[in-house]
Amino acid sequence: MPESEVPHRNVFTMPELPEVEITKRGVDAKFKGHTLRELTVRQPKLRWPVPQTVQACVGLPLVALARRSKYLLMDFGQHVLVVHLGMSGSLKIVSPQQPWDKHDHIQWLFDSDGSTGALRLNDPRRFGSVEYFEKRIETPADPYAHFGRFAALGPEPFSEAFQPESFYQSLRGRKLNIKTLLLSGKAVVGVGNIYACEALFRSQISPGRSASRVSRAQASLLYTSIVDVLSEAIERGGSTLRNFQAIDGELGHFQLHCDVYGRAGEKCKRCEGTIKRRVMGQRGTFYCPVCQK
DNA sequence: AAAAGCCCCTGGATGC
DNA sequence: TGCATCCAGGGGCTTT
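The present account deals with the structure reproduced in this document. Because the structure is a prediction, the values reported are computed rather than measured.

Attention now moves to the layout of surface pockets. If you roll a probe as big as a water molecule over the atoms, it shows you where there is empty space left. Taken as a whole, the largest pocket spans an internal volume of roughly 1,100 Å³. For the largest pocket, the lining is made up of 30 residues, of which Lys70, His84, Gly86, Leu183 and Arg283 are closest to its centre. Looking at the lining of the largest pocket element by element, the count peaks at four residues for helix H3 (residues 178-184). Of the residues assigned to the lining of the largest pocket, the class counts are 13 nonpolar, eleven polar and six charged.

As structure tokens, then:
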């Protein structure tokens, strides 16, 4: 069956790891190596107040972009800005002359080959954040490890630290349901509500199953599903980005295809069941009660 | 220590 | 048509 005919639901997502990764690549392609000339904070009331210290980056070149979990890191050398898109945030590349949108909160004005280019954070619900950290030069291997809560985060899904057996071990003895545990960032980071539902569907594990009752074989399947579902989303985002790059635009959102998320009441893609929605850990959870055990 | 609950905010959906 | 009400949702923090 051609991919276009696969019965998926299109969801215009909140920013998850793939959106942050694509945003990172877009900012990297446009502004890496360019000097920050102005940083305008129109609305400092985000998830946390945007500190005055962010101004320490002005006048410095953007030397690197990085991502940790769903945090986007803008590395200005000794000074680093950590951006989180929350649930409605996005970064967009615009002309500095473009009128401000109601929800454009922050603007980075970069030198751009003799002219200037602007990057804006737009976030209607203001669950996003921009934080400032100073890099510790004495730990060059992982200069960001000590930032805020980073030390407490689980492994990155695409890192060497994320392996089937260690993943299985991190589930053992946890009575919490597997879906909520995935969202907690303890066993792996960057798996948000949508991808948790999708990965559990692929591995045919019920979201309500206690993590301690996920077998080694199931954990292995879930491990693969997590890596696959995130990789595929990044690929889709990559093609979205190519389109956006031609016109400049919003980097933080793109459409993705879901088997279960947002499909309550519809037919299961794999069996004769009907997709159900229930709330777990205060989040909407979509699954097939027939083929997910 | 682990798990559950709370809260920030606004657009969209729903009800009258 | 318009106004009031309700609710989702990431994830850190607080409470149990």
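This brings us to the sheet that holds strand E5 (residues 79-84). Reading across the sheet, the four strands line up as E3-E4-E5-E9 and stay open at both edges, with antiparallel pairing between neighbours. Either end of the sheet is taken by a strand with one partner, and the two such strands are strand E3 (64-68) and strand E9 (129-134). Strand after strand, the sheet turns through a mean of 25° between neighbouring axes, direction not considered. With six bridges connecting them, E5 and E9 associate as antiparallel partners. Following the sheet pairing, leucine 81 is matched in E9 by tyrosine 132. Contacts from helix H1 (residues 17-31) reach E3 and strand E4 (71-75) within the one sheet, and its direction differs from that of E3 by about 175°.

Every residue lining DNA strand B is accounted for by Lys102, His103, Pro124, Arg125, Arg126, Phe127, Arg174, Lys175, Leu176 and Gln282. Within 4 Å of the protein, the contacting atoms of DNA strand B are drawn from sugar and phosphate to the extent of 51%. A distance of 3.0 Å separates a base oxygen of DNA strand B from a polar side-chain atom of arginine 125. Between a phosphate oxygen of DNA strand B and a side-chain N or O atom of arginine 126, the distance comes to 2.5 Å. Class assignment of the residues belonging to the surface near DNA strand B gives a composition of three nonpolar, two polar and five charged.

Looking at the secondary structure, you find aspartate 123 in the loop between strand E8 (115-122) and E9. Despite being buried, aspartate 123 has no salt bridge partner; arginine 125 is the closest side chain of opposite charge, sitting 7.4 Å away. A polar contact of 2.8 Å, which involves the side chain of aspartate 123, links it to the backbone nitrogen of glycine 128. Beyond its immediate chain neighbours, meaning those up to four positions away, aspartate 123 contacts Leu85, Ser88, Gly89, His103, His105 and Gly128.

Before going further, it helps to examine the protein's contact with DNA strand C. Contacts to DNA strand C come from 16 residues, most closely from Met14, Tyr71, His84, Met87 and Arg283. Atoms of DNA strand C within 4 Å of the protein: sugar and phosphate make up 49%, bases the balance. Separating a phosphate oxygen of DNA strand C from a side-chain N or O atom of lysine 70 is a distance of 3.0 Å. Residue tyrosine 71 places a side-chain N or O atom 2.5 Å away from a phosphate oxygen belonging to DNA strand C. Of the residues assigned to the surface near DNA strand C, the class counts are six nonpolar, four polar and six charged.

Across the five residues that make up E3, a large majority, four, are buried. One ladder, built from five bridges, connects E3 with E4; its direction is antiparallel. In the sheet register, arginine 67 faces E4, and the bridge partner there is leucine 72. Taken together, E3 and the strand that follows it, E4, pair antiparallel across an intervening segment of two residues, in which serine 69 is found at a positive phi of about 55°.

On to the nonpolar core. Among the nonpolar cores identified, the biggest contains 41 residues, and Phe167, Leu171, Ile178, Leu182, Val191, Leu222 and Ile226 are the most heavily contacted of them. The set of elements that each furnish at least two residues to this core consists of H1, helix H2 (164-171), H3, helix H4 (193-202), helix H5 (216-247) and strand E10 (255-258). Looking at which element gives the most residues to this core, the answer is H5, with nine residues. Excluding anything up to four places from it in sequence, isoleucine 226 contacts Phe162, Phe167, Leu182, Val188, Val191 and Ala199. Formed by 27 residues, the second largest nonpolar core is a distinct cluster that contains Val27, Phe31, Leu39 and Cys57.

Quick notes on the rules
Residues numbered from 1 in each chain as written. Chains lettered and ligands numbered in written order. Predicted model: local features only at pLDDT ≥ 70, side-chain atom pairs only at ≥ 80, totals over all residues. Heavy atoms only, no water. 1 Å grid on protein atoms, 1.4 Å probe; cavity = no way out; pocket = protein on both sides within 12 Å on 5 of 7 lines; lining within 4 Å. Points joined across faces, edges and corners; volume = space filled by probe spheres on them. Helix = DSSP H or I, 4+ residues; strand = E, 2+ residues; numbered from the N terminus. Nonpolar A, V, L, I, M, F, W, Y, C, P; charged D, E, K, R; others polar. Pairing = 2+ DSSP bridges. Axes fitted to C-alpha atoms, helices over the stretch in contact; angles between N-to-C directions. Contact = heavy atoms within 4.5 Å. Near = heavy atom within 4 Å. Polar contact = N/O pair within 3.5 Å; in protein donor to acceptor, adjacent residues only side chain to side chain. Buried < 20%, exposed > 50% of the residue type's maximum accessible area, 1.4 Å probe, protein only. Lys, Arg positive; Asp, Glu negative; His and termini not counted. Salt bridge = Lys/Arg side-chain N within 4 Å of Asp/Glu carboxyl O. Core = buried A, V, L, I, M, F, W, Y, C linked by side-chain atoms within 4.5 Å.

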